[in-house]
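Inside the fold
So you can see what is in the structure, the chains are spelled out below.
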Amino acid sequence: MTLTGKTLLAAAAAAAVLTGVAAPAQAQRDPAYAAARANGQVGEQTNGYLGIVGTATPELQRLVNNINIRRRAVYTERVADTGSTIEAYATTAGCQAIMRTSPGEKYQGPDGSWQTRTSAPPERLSICP
């Protein structure tokens, strides 16, 4: 990553801390989302979006697509005030979402593989704040 990329990511990180980047509250209250997360069918990705772990059913794909559309809308709205890019802001959101996973939940490790959160801190990208 270039110095400019690190600067943009740092700006996004600062903005994320100030604005509390999180998945939209509505998605977090969705019982289907909670069940998919608890069952290990979905997990947090390093790019700030939700991913499907394993086989995608049409219902699961719709759920993940809807959540990711809402996340992108939030990122787009919030990035306007940061001078960053949506991608940098989303990556910072991914860092935070992975950190907020609970033991037993899935997340994407820095190498792109799906990991199951233990009681230890999750592995995150080296650029995570």
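Residues numbered from 1 in each chain as written. Predicted model: local features only at pLDDT ≥ 70, side-chain atom pairs only at ≥ 80, totals over all residues. Heavy atoms only, no water.

1. So, the nonpolar core
Counting residues in each nonpolar core, the largest one holds 9 residues, listed as Tyr 33, Ala 36, Val 42, Leu 50, Ile 52, Leu 60, Leu 63, Val 64 and Ile 67. Secondary structure elements with two or more residues in this core: α3 (31-38), β2 (50-52) and α4 (58-79). Looking at which element gives the most residues to this core, the answer is α4, with 4 residues. Of all hydrophobic cores here, the second largest spans 7 residues; its members include Tyr 49, Val 79, Ala 90 and Ala 93. (Core = buried A, V, L, I, M, F, W, Y, C linked by side-chain atoms within 4.5 Å. Buried < 20%, exposed > 50% of the residue type's maximum accessible area, 1.4 Å probe, protein only. Helix = DSSP H or I, 4+ residues; strand = E, 2+ residues; numbered from the N terminus.)

2. Some details on the packing of α3 against α4
At their nearest, the axes of α3 and α4 sit 11 Å apart, and the two run at 110 degrees to each other. Judged on the interaxial angle alone, α4 and α3 are roughly perpendicular. In this structure, α3 contributes Ala 32, Tyr 33 and Ala 36 to the contact, and α4 contributes Leu 60, Leu 63, Ile 67 and Arg 71. (Axes fitted to C-alpha atoms, helices over the stretch in contact; angles between N-to-C directions. Parallel < 35°, antiparallel > 145°, perpendicular 65-115°, else oblique. Contact = heavy atoms within 4.5 Å.)

3. Some thoughts on α3
Taken as a whole, α3 has its buried residues at Tyr 33, Ala 36 and Arg 37. Along the axis of α3, the buried positions cluster into a sector of 100 degrees, meaning they face one direction only. Across from the buried face of α3, at angles greater than 90 degrees, the exposed residues are Pro 31 and Ala 38. Sitting at the amino-terminal end of α3 is Asp 30, which places a side-chain oxygen 2.8 Å from the backbone nitrogen of Ala 32. Downstream of α3 by a residue or two, Gly 40 has a phi angle that is positive, lying close to 75 degrees. (Arc of directions from axis to C-beta. Polar contact = N/O pair within 3.5 Å; in protein donor to acceptor, adjacent residues only side chain to side chain.)

It is worth stressing that arrangement in space is one thing and function is another; only the former is reported here.
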